[in-house]
Amino acid sequence: MFFETVRKNSRKNRKENGLLFVSLIVSIAAFYIILSLENQDVMVFLKKMESDAVQKLLLLIPVLYGISLFFLFFLVYFSDRYRMEQRSHEMGIYLMFGMGRRKLFAMLLAEDIWNSILSLAAGIPIAVLLSELISMITAKAAGMGIVGHRFTFSLSAALWTAAGYFAVRLTALLFQSIKTVRKEITQLLSQSQDKRHRDHRTCFTAIQLAAGFFMLAAAYLRALKVNAWRSPGEMAVIMVLGIGGTFLIFRGIGIVFDMYLKQKDSNKGLAVFTFRQIQETIVLRPDSIAVSSLLMLAAFCCFGYGCAIGVNSGLNNRHVIDYTFEGEPGQIKRELKQLNLDEFTEESFQVKTGPFKGNKSEGAFSGAELYEAVKAQEDSQGREVLLNNLQYFDEPYLISLSGYNRILKLKGDEPLRLKSRQAALYTSREYSNGDIDRTMKSALKTRPAVEMNHERYELSKTYCQENIVTDRSITISYGLVVPDPVFEQLTEGQFHSYWNIKLKDSVVRKKGLLQTMTDINARLDKTSLKYESYLKSMGRQLFYTAAASYTTIYLGVIFLLIANTVLGVQFLMHQQQTGKRYHMILRLGCCCKYLCESARRQIRWFFLLPISAAAFGSLFGIRSMASGFAASDMQGREGILTASAVPVILLVCVIELGYIVAVMKMSDKQILRQTKLKRDDG
């Protein structure tokens, strides 16, 4: 009999609180996916290429797991709080008919354990399926292919997911059950009483609202003008302004509803009741709504930034060279011919680089004109960095024009044309970002010159930044691209040779880039050739993408679940606590349909206020994250990252609309129960 009651109550709770049950299943799926991250195809590949970096990322997983458990506790706590409030009358009946308090607690515990088992039974398979789909999609997007994919199930991830979930659920249940079971029977049987409306002075409330808008505007402007993440003090100021402004706005927004209700046309139908309910809900709990809005802001930022990084990774550095060999060109050609790699090769060419051989003590090189051209630019962080770096620009590295033009040809760009007394400034992308690039390009438009061996070489307007090797065989902070005869003269014939290879597109399309390079590397490893392949650079980019995307999207899911649960439970609890009002309106002859429409309107206002504030603020937050966290190849691309995040923000807003509809359906059920009570009383 006891277990039959437990089973029936569990089924009833899942049916009435399906939305909260689904939220818990989603959290279980998120737990498993992040804990099984090391089994993803991309991570398995990265372990071979960036093993140290991947191990550091995997060490971060337990930290994310602990943080997630902390937030999950609040999700479960608020869910159980609503559920206990909803069932208080039922538990009072149990006690009135002689059930002991210990047995009541045991029944609640058994129900919770049974629901936890069912949610894990549903969540783990869904998580495994999603994990496999994510693994195959990311592998396909990275060019790894899915032919070699193998199904994996992480037992440790499943066990840690179950352990953490049970621990959180039982802890939250312990708090709520003890509090409920200790209540007197009369308290459990009585209907929840309306909470008194918090008194507020109109003038003070208006000041709070105005101050909140001012603080938020100041936070957004500071986030746009400075890089907050590079200065702890600046970051603290922006955080204080943003968080403080959000709390003040929701503390003062009640005055807006007062102004609306004073309008002549606002008293039609249930308009007054609707907006009084909204006003009371917000005024009584402004801080919890502000916290939910801030959690949504964090979720929007995490989703937007993570997806934008995933979409735009490598945008600034599209590769055209697949292999770079270092050494004597004749030996490289002979060994490559012996390996029969001609069938894979579309083009091969030599790039020559070498240091300028002038006498430094005699002032053989001078970049004074370039320094002055940069100094004449408008003040910016990029200008300051350039002025500091150019002080050490006294021994330039030279690059042959013919080799650099072969790279431009592979990219489909116009070749660089230089006369005998002209040169082009070169910088590897690792030493630059958007602000520095803009300043230098503006300075080069003035056509400054450099002096080498007391001869003047006018700099081209073109700022050269294309990689001259596949990965990092050589990186040049500041160099000069010069015509080949000038190169031979200024290096005195002492230079380094890099032999670059571009693979055939047909071969790559047929077997995939990863598989093709893996096969070629297996052959090259048997030789004495010193080489680097694009796999190394690819692995580094994939690691940055995976680290940023996986972690931020995961945190976004957790933040969004908590925020939605807090808002949904808060509204439904307030509706239940003010149930007498709904009951009275029904007794006065109001149609159930109109009362449901009133509640739906309340829900729209209650959710859209924090959602709209979070969505708007996330545009500034994502831009700030892009300037502070983006890898070097994405520096200066804040605008592109922010624009890429907009569709993601809109998609999350659509998901939020779905959640709002689900809360509306739960609200309708509560009102229908009031209708049933009216019929029973009548």
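Cut-offs and rules
- Residues numbered from 1 in each chain as written.
- Predicted model: local features only at pLDDT ≥ 70, side-chain atom pairs only at ≥ 80, totals over all residues.
- Heavy atoms only, no water.
- Helix = DSSP H or I, 4+ residues; strand = E, 2+ residues; numbered from the N terminus.
- Buried < 20%, exposed > 50% of the residue type's maximum accessible area, 1.4 Å probe, protein only.
- Contact = heavy atoms within 4.5 Å.
- Areas by Shrake-Rupley, 256 points an atom, 1.4 Å probe, with all protein chains shown as cover.
- Pairing = 2+ DSSP bridges.
- Core = buried A, V, L, I, M, F, W, Y, C linked by side-chain atoms within 4.5 Å.
- Axes fitted to C-alpha atoms, helices over the stretch in contact; angles between N-to-C directions.
- Salt bridge = Lys/Arg side-chain N within 4 Å of Asp/Glu carboxyl O.
- Phe/Tyr/Trp six-rings, centres within 6.5 Å; stacked < 30°, edge-to-face > 60°.
- Lys NZ or Arg CZ within 6 Å of the ring centre and 35° of its normal.
- pLDDT = per-residue confidence, 0-100.
- Parallel < 35°, antiparallel > 145°, perpendicular 65-115°, else oblique.
- Left-handed = near helix turned anticlockwise from the far one by under 90°.
- Nonpolar A, V, L, I, M, F, W, Y, C, P; charged D, E, K, R; others polar.
- Patch = residues over 30% accessible without salt bridge, like charges linked within 9 Å, V, L, I, M, F, W, Y side chains within 5 Å.
- Lys, Arg positive; Asp, Glu negative; His and termini not counted.
- Charge placed at Lys NZ, Arg CZ, Asp CG, Glu CD.
- Polar contact = N/O pair within 3.5 Å; in protein donor to acceptor, adjacent residues only side chain to side chain.

Things to note about the overall build of the protein chain
Working step 1: A tally of helices and strands in the protein chain yields 25 helices and ten strands.
Working step 2: Expressed as a percentage of its 682 residues, the buried residues of the protein chain come to 53%.
Working step 3: Considering only contacts in the protein chain between residues 6 or more positions apart, those separated by 24 or more positions represent 85%.
Working step 4: A total of about 32,500 Å² of accessible surface is found on the protein chain, and carbon and sulfur atoms cover 60% of it.

Remarks on the pairing of strand 5 (residues 422-426)
Working step 1: With five of five residues buried, strand 5 lies mostly within the body of the structure.
Working step 2: Bridging between strand 5 and strand 7 (residues 455-459) involves two bridges; their strand directions are parallel. If you follow Ala 423 over to strand 7, its bridge partner there is Leu 459.

A closer look at helix 18 (residues 434-444)
Working step 1: Along helix 18, the residues that are buried comprise Gly 434, Ile 436, Asp 437, Thr 439, Met 440, Ala 443 and Leu 444.
Working step 2: Where the residues of helix 18 are buried, they touch helix 15 (368-375), helix 16 (381-390), strand 5 and strand 7.

Here's the deal with the nonpolar core
Working step 1: Judged by nonpolar contacts, the single largest core of 82 residues is most densely connected at Leu 72, Ile 282, Phe 300, Tyr 554 and Phe 607.
Working step 2: Sort the elements by how many residues they give to this core and helix 22 (residues 534-577) lands first, with 14 residues.
Working step 3: Sequence-distant contacts of Ile 282, defined by excluding residues within four places in its chain, comprise Phe 250, Ile 253, Phe 257, Ile 289, Phe 606 and Leu 609.
Working step 4: The next biggest cluster of nonpolar side chains, apart from the first, holds 28 residues, and it includes Ala 364, Phe 365, Leu 425 and Leu 480.

Some details on the sheet that holds strand 1 (residues 323-326)
What holds strands together in a sheet is hydrogen bonding between their backbones, with the strands either parallel or antiparallel.
Working step 1: The sheet built from ten strands is open, its strands ordered 3-6-7-5-8-4-2-9-1-10 with mixed pairing. Both outer strands of the open sheet, strand 3 (365-366) and strand 10 (530-533), are each paired with one neighbouring strand and no more.
Working step 2: Pairing of strand 1 with strand 10, which is carried by four bridges, proceeds in the antiparallel orientation. When the bridges of strand 10 are listed, Phe 325 appears paired with Tyr 531.
Working step 3: Contacting strand 2 (345-355), strand 4 (397-400), strand 6 (449-452), strand 7 and strand 8 (479-482), helix 19 (residues 484-491) crosses the sheet at an angle of about 40° to strand 2.

Focus: the environment of Lys 669
Working step 1: Among the structural elements, Lys 669 can be located in helix 25 (residues 638-681).
Working step 2: Here the alpha-carbon distance between Lys 669 and Cys 596, two residues 73 residues apart in the chain, equals 9.3 Å.

Topic: the pattern of salt bridges
Working step 1: Scanning all chains against the criterion turns up twelve salt bridges.
Working step 2: Between Glu 466 and Lys 411 there is a salt bridge, and its shortest N-O distance comes to 3.1 Å. Of the two residues, Glu 466 sits in the loop between strand 7 and strand 8 while Lys 411 sits in helix 17 (residues 401-411), which places them 55 residues apart along the sequence.
Working step 3: The exposure class assigned to Glu 466 is buried, which follows from its relative accessible area of 14%.
Working step 4: Across the salt bridge formed by Lys 502 and Asp 505, the nearest N and O atoms sit 3.0 Å from each other.
Working step 5: The exposure class assigned to Asp 505 is partly exposed, which follows from its relative accessible area of 39%.
Working step 6: Through salt bridges that share partners, Asp 379, Arg 383 and Glu 384 make up one connected network.

Here we look at the packing of aromatic side chains
Working step 1: Tallied over the entire structure, the rule returns 17 aromatic pairs.
Working step 2: Ring pairs connect the aromatic residues Phe 356, Phe 365, Phe 393 and Tyr 478, which therefore count as one cluster.
Working step 3: One residue, Lys 352, lies across the ring of Phe 495, its end atom 5.2 Å from the ring centre.

Side note on the confidence of the model for the protein chain
Working step 1: For the protein chain, the average pLDDT comes to 79, and 83% of its residues sit at 70 or higher.
Working step 2: The secondary structure element of the protein chain with the lowest average pLDDT is helix 3 (residues 41-49), at 64, and the one with the highest is strand 5, at 91.
Working step 3: This stretch, residues 192-197, has a pLDDT under 50; its non-local contacts, to residues over four places away or in other chains, come to 18 contacts.

Observations concerning the packing of helix 15 against helix 16
Two measures define how a pair of helices packs: the angle their axes make with one another and the distance between the axes.
Working step 1: Close contact between helix 15 and helix 16 brings their axes to 10 Å; oriented N to C, the two are set at 165°. When the axis of helix 15 is compared with that of helix 16, the two are roughly antiparallel. Considering how the two elements wind past one another, helix 15 and helix 16 form a crossing that is left-handed. Judged by residue contacts, Leu 370, Tyr 371, Val 374 and Lys 375 of helix 15 engage Arg 383, Leu 386, Leu 387 and Leu 390 from helix 16.
Working step 2: In terms of residue class, the contact of helix 15 with helix 16 is made up of six nonpolar, no polar and two charged.

A word on unusual backbone geometry
Working step 1: Despite not being glycine, Asn 453 has its phi angle at roughly 55°, a positive value.
Working step 2: Within the secondary structure, Asn 453 sits in the loop between strand 6 and strand 7.
Working step 3: Of note, His 454 is a non-glycine position whose phi angle comes to about 65°, a positive value.
Working step 4: Among the structural elements, His 454 can be located in the loop between strand 6 and strand 7.
Working step 5: Residue class for His 454 comes out exposed when judged on its relative accessible area of 57%.

Topic: a positive patch on the surface
Working step 1: The grouping of Lys 8, Arg 11, Lys 12, Lys 15, Lys 665, Lys 669 and Arg 673 at the surface amounts to a positive patch.
Working step 2: Contributing elements (two or more residues each) for the positive patch: helix 1 (2-16) and helix 25.
Working step 3: The greatest single-element share of the positive patch, amounting to four residues, is contributed by helix 1.
Working step 4: Position of Arg 673 among the secondary structure elements: in helix 25.

Concerning the environment of Tyr 392
Working step 1: Mapping Tyr 392 onto the fold places it in the loop between helix 16 and strand 4.
Working step 2: Counting along the chain gives 25 residues from Tyr 392 to Gly 367, while the straight-line C-alpha distance between them is 9.7 Å.

Some thoughts on the side chain of Asn 500
Working step 1: For Asn 500, the location among the structural elements is in strand 9 (residues 496-503).
Working step 2: At 2.7 Å, the side chain of Asn 500 and the side chain of Thr 324 are in polar contact.
Working step 3: At 3.0 Å, the side chain of Asn 500 and the backbone oxygen of Ile 468 are in polar contact.
Working step 4: Apart from residues lying up to four places away in sequence, Asn 500 is in contact with Ile 321, Tyr 323, Thr 324, Glu 347, Ser 348, Phe 349, Val 351, Ile 468 and Val 469.

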